[in-house]
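# Chains, contacts and geometry: an overview
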Amino acid sequence: MSPIAGSGQQSATSLRVLTRTGDSAEIAEWAGGKGKNLHSLTAAGFRVPDWSVIGLDVFTEFARRSGLDTRLAALLAGAPRGGERRTSAEIAALIAGAPLDEDVTEAVRRAYEQVGGGLVAVRSSGADEDGAQHSFAGQFDSFLNVSGLEEVVAHVRRCWASAFSERSLHYRAQRALAPSAGGVAVIVQRMVPAERSGVLFTVDPTTGSTGRYVVSAVYGLGEGLVSGAVDADTVVLDAASGERLHAVVGDKQESYGAGTGPGCAIRPVAEADREVLSLSARDLARLHDVGTRVAGHYGAPQDIEWAIAGDTVWVLQSRPVTTAPAGSTATPSVPAEEARGELRIWDNSNIIESFSGIVSPLTYSFAADTYAKVYESYARALAVTPDQLREVQEWTPHLLGYFHGRVYYNLLHWYRMVRLAPLYRLNRRVLEKSLGVEESISDEAADALHPFAPRPGLRGRLDRLYRTLVFTRKFLTMGKSVDAFHRDFYRAYEVFNNVDYDALPGEETYRRFRRLQRELIEKWGPMQALDAAILLSVGLLALLTRRWLPGAPEWFTWAAASPGGDLESAEPVWALAELAALATADDEVRRLLDATSDEEAYQALREGGHTEVLAAVDAYIASYGYRSPDELKLEVPDLHEDPAGLFTMLRGALAAPPPERAAAGTPTRTSTGGCAARAAGSTSSSAARPAVPSRTANGCGSAVPGRSGRPSACCGRWAATWRGPGRSTPGTTCSCCVWRRSAGPTRACSPTPS
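### Structural notes on the overall build of the chain
Helix and strand counts for the chain stand at 26 helices and 23 strands. Residues counted as buried form 49% of the 754 residues belonging to the chain. By sequence separation, contacts in the chain at least 24 residues apart represent 67% of the contacts at least 6 residues apart. For the chain, the computed accessible surface area is about 33,900 Å², with 54% contributed by carbon and sulfur atoms.

This is the structure in structure tokens:
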């Protein structure tokens, strides 16, 4: 008797295709972690879109019958440590090119037909995924809106290949897990025409509070939320009653949905829909009910992906929440650092240039800790007393805030920081310009802000005089201080950059990290006197300009303050231009780059024998591998880890005119920090201001309506367009704060931690 399609049975000609009616033990053995969870949810009566699983044995048979198994075993056994990228690329090419026999193709066909054909999601389901010890979260691939047997087969191959992706191999190596040639199971799941989608946590993922549920929602498919491309709504519910405790309406500019092929089509959301919550009170009540039942089913807090289509709430998948700190009861999204009732102003006008979009808790916590240490060290360098330093230490850990995955300045603390240096009233105005603050606080409020309680009378005046003398000395010796810091920086860089941290136990890596903080980060603090010196200098220049040239436009000050000549921080721009010139000179290389994805370009150059260009790419990565889009986000791979970002920048450089080295407006970011100032001026009256920068305010690659710009040749951010009466002159590039402009003022920058 031949097996029934989808029963999970197997014969010589029928490989396992597992469905909701399959045996639990067989599902657990052959369906992988995601498949097992889908079966559990379905069996418990939750509304789960139709699914089937192409079992782990299908890949095993595919590899055996095509002769791929021995080659995979040899590649994995012989892969050198650190060679994951090359091994992964070779395996992916082998899987893509190996023949599928009739039985394997028939198994894929049965899985596709089992869910009714049409649009499906094709998802990897690793054997080790969501395990008790190793989650393999995010290591394998999934694909949406796949249609037709041919496309399903192609994406099944890609899921199989993701079992041997660079990140998966690296994940195993980090955890001393032997490389496995077993592959993954593949889920084929009916796509839901979602009107709204999102994620529901049955515990506060930030604080660990079990008394609250947190819902994030967007219009359309959840891909925009998962990828961080869409600013989602966030709603906090009481866990017991489902009462809405707090809600933040996200911008939701776009929705993701099915297009004409695999992947997602992106569509604008109507203004009226953007301004309201995407979820009704009834939606929230139903989600609360689903969350309570799913958490009860598993007996643990859950991270649930859901979609609403018509009148149905669909559960797409659920996994345990493993990152929330146990026992914490802090209120979500409200920093616990300071007493309630105090005025706080949160602003991200400037900091989104360093931390664009959604930022991981790891990056935020590191940034906040670094800011605290740097500015505490700065206060020490200005010779504040021990009692005053203790007061400074109360607010330096809270210079930043973290709301719904985004980083903000705690603005009033920055006024306190600026007041450590002399001429506060002048410096705070320049601070507001540099941070992009469009509305100043009142003089009365500003004067009430102090880094520590001011001393009265003569003692207070002597205290301020002494700090002024210390600051003046640092101002006059700044050149020597910068040289000394650079020596310390490169000495520490050489030591810490030449260690295989993957081979070290965790406690040793942490010990070295703390040593780096002592040897370098805390030495960074005194360098903030340079930041203060720049604020003071620009402020004095602006004051003198208003006095001596009262009719001069505001941008004149920034143009006059612009440094000239080549800077070390501009070298990546020139190196990228040279690399683009080298690629342009070789028609075959140019055609290869045009026809190859960023992820595959490096391997394609190697296979094509383009050794000269490949050597130049390797040289660029060796010199500037840590300079890349979102370079300050710890969760984003640098160019050493993933060179795809370099090819993204290279494509932009190939499409843009080459930068000129010796023109006004040289890139002005230092090698040790981020920009501290933005080009001044409101964009409200370009006619009165011959050069006003116009660019996006919300990070890489996303346009703000009514503003002009183009993708940068360097990093995918938007280059500035300088507007004036009757002209529009585009700048050359913006490489993550490295600005090059063909006309107009250049942003003043300094080594501010960012």
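From this point, the narrative continues.
### Observations regarding unusual backbone geometry
Look at His 404: it is not a glycine, yet its phi comes out positive at around 55°. The topology assignment puts His 404 in the loop between strand 15 (400-403) and strand 16 (406-410).

### Let's talk about a negative patch on the surface
Together, Asp 502, Glu 599, Glu 600, Glu 641 and Asp 642 give the surface a local cluster of negative charge. You can call Glu 599 exposed: its relative accessible area is 63%.

### A word on the side chain of Thr 596
Structurally, Thr 596 is set in the loop between helix 23 (587-595) and helix 24 (598-607). Looking at Thr 596, its side chain comes within polar contact range of the main-chain oxygen of Leu 592, at 2.6 Å. In this structure, Thr 596 is in contact with Ala 601, Ala 604 and Arg 651, ignoring residues within four places of it in sequence.

### Concerning the nonpolar core
By size, the foremost hydrophobic cluster in this structure holds 58 residues, and its most contacted members are Tyr 371, Tyr 375, Tyr 378, Leu 400, Val 407, Trp 414 and Tyr 415. Counting residues per element, this core draws most heavily on helix 12 (residues 361-381), which supplies eight residues. Apart from the residues within four sequence positions on either side, Tyr 378 is in contact with Met 417, Leu 420, Ala 421, Phe 471, Gly 525, Pro 526, Gln 528, Ala 529 and Ala 532. Ranked by size, the runner-up nonpolar core spans 37 residues in total, among them Val 17, Ile 91, Ala 111 and Val 186.

### A word on the sheet that holds strand 14 (residues 346-347)
Reading across from one edge, 14-16-15 is the order of the three strands in this open sheet, with antiparallel pairing throughout. Each edge of the open sheet carries a strand with a single partner, namely strand 14 and strand 15. By the bridge criterion, two bridges tie strand 14 to strand 16 in an arrangement that is antiparallel. Within strand 16, the position partnered with Asp 347 by the bridge is Tyr 409. Seen against the sheet, helix 12 touches strand 15 and strand 16 and runs at an angle of roughly 165° to strand 15. In the packing of helix 14 (residues 411-418) onto the sheet, contacts are made with strand 14 and strand 16, and the angle to strand 16 comes to roughly 45°.

### Focus: the sheet that holds strand 13 (residues 312-320)
Pairing is antiparallel in the open sheet, where six strands are placed in the order 9-8-7-6-12-13. This sheet does not close on itself; its edge strands, each paired only once, are strand 9 (244-248) and strand 13. The average undirected angle you get between the axes of adjacent strands in this sheet is 20°. Alignment of strand 7 (residues 212-219) against strand 8 (residues 233-238), held across six bridges, turns out to be antiparallel. By the bridge assignment for strand 8, Val 215 is matched with Val 235. Sheet strands in contact with helix 11 (residues 281-298) are strand 6 (196-201), strand 7, strand 8, strand 9, strand 12 (302-309) and strand 13, and its direction is about 140° off that of strand 12.

### Comments concerning the packing of helix 5 (residues 84-97) against helix 7 (residues 149-162)
Running from N to C, helix 5 and helix 7 point in directions that differ by 150°, and their axes come no closer than 9 Å. The orientation of helix 5 with respect to helix 7, classified from their angle, is roughly antiparallel. As helix 5 packs across helix 7, the resulting crossing turns out to be right-handed. Mapping the contact onto sequence places Ala 92, Ile 95, Ala 96 and Gly 97 in helix 5 and Arg 157, Trp 160 and Ala 161 in helix 7.

### Quick look at a nonpolar patch on the surface
A cluster of nonpolar residues, Leu 458, Leu 462, Leu 465 and Leu 469, forms a patch on the protein surface that exposes about 410 Å² of accessible area. Relative to the assigned elements, Leu 465 resides in helix 17 (residues 457-476). The class for Leu 465 is partly exposed, based on a relative accessible area of 48%.

### A closer look at helix 15 (residues 424-435)
Given 3.6 residues per helical turn, the α-helix brings residues three or four places apart onto the same face. Taking 1.5 Å per residue as the helical rise, helix 15 with its 12 residues ought to reach 16 Å, and the 16 Å between its terminal C-alpha atoms agrees with that figure. Judged by how many residues are buried, helix 15 sits mostly within the fold: nine of 12 residues are covered. Buried within helix 15 are the following residues: Tyr 424, Leu 426, Asn 427, Arg 428, Val 430, Leu 431, Glu 432, Ser 434 and Leu 435. One or two residues past the end of helix 15 sits Gly 436, with phi positive at roughly 75°.

### Describing the pattern of salt bridges
Scanning all chains against the criterion turns up 33 salt bridges. The salt bridge partner of Arg 196 is Asp 283, with a shortest N-O separation of 3.1 Å. Of the two residues, Arg 196 is situated in strand 6 and Asp 283 in helix 11; the sequence distance between them amounts to 87 residues. When its relative accessible area of 14% is taken as the criterion, Arg 196 is described as buried. Between Asp 447 and Arg 425 there is a salt bridge, with its nearest N and O atoms 3.2 Å apart. With Asp 447 in helix 16 (residues 443-447) and Arg 425 in helix 15, the pair connects residues that are 22 residues apart, well separated along the chain. For Asp 447, a relative accessible area of 25% gives the class partly exposed.

### With respect to the packing of aromatic side chains
For the coordinates displayed, the defined rule picks out 17 aromatic pairs. Residues Tyr 364 and Tyr 402 carry aromatic rings whose centres are separated by 4.6 Å and whose planes lie at 15° to one another, so their mutual orientation is stacked. Placement of the pair is Tyr 364 in helix 12 and Tyr 402 in strand 15, with a sequence separation of 38 residues. With respect to burial, Tyr 364 and Tyr 402 carry one shared label: buried. Ring centres of Phe 366 and Phe 513 lie 5.9 Å apart, and the angle between their planes is 45°; this geometry places the pair in the tilted category. Of the two residues, Phe 366 sits in helix 12 while Phe 513 sits in helix 19 (residues 506-524), which places them 147 residues apart along the sequence. Taken together, the ring pairs in this structure connect Tyr 371, Tyr 375, Tyr 378, Tyr 409 and Trp 414 into an aromatic cluster. Sitting above the plane of the Trp 314 ring, Arg 47 keeps its charged end 4.8 Å from the centroid.

Conventions adopted
- Residues numbered from 1 in each chain as written.
- Predicted model: local features only at pLDDT ≥ 70, side-chain atom pairs only at ≥ 80, totals over all residues.
- Heavy atoms only, no water.
- Helix = DSSP H or I, 4+ residues; strand = E, 2+ residues; numbered from the N terminus.
- Buried < 20%, exposed > 50% of the residue type's maximum accessible area, 1.4 Å probe, protein only.
- Contact = heavy atoms within 4.5 Å.
- Areas by Shrake-Rupley, 256 points an atom, 1.4 Å probe, with all protein chains shown as cover.
- Patch = residues over 30% accessible without salt bridge, like charges linked within 9 Å, V, L, I, M, F, W, Y side chains within 5 Å.
- Salt bridge = Lys/Arg side-chain N within 4 Å of Asp/Glu carboxyl O.
- Lys, Arg positive; Asp, Glu negative; His and termini not counted.
- Charge placed at Lys NZ, Arg CZ, Asp CG, Glu CD.
- Polar contact = N/O pair within 3.5 Å; in protein donor to acceptor, adjacent residues only side chain to side chain.
- Core = buried A, V, L, I, M, F, W, Y, C linked by side-chain atoms within 4.5 Å.
- Pairing = 2+ DSSP bridges.
- Axes fitted to C-alpha atoms, helices over the stretch in contact; angles between N-to-C directions.
- Parallel < 35°, antiparallel > 145°, perpendicular 65-115°, else oblique.
- Left-handed = near helix turned anticlockwise from the far one by under 90°.
- Expected span 1.5 Å × (residues − 1).
- Phe/Tyr/Trp six-rings, centres within 6.5 Å; stacked < 30°, edge-to-face > 60°.
- Lys NZ or Arg CZ within 6 Å of the ring centre and 35° of its normal.

Nothing here speaks to function; it is geometry throughout.
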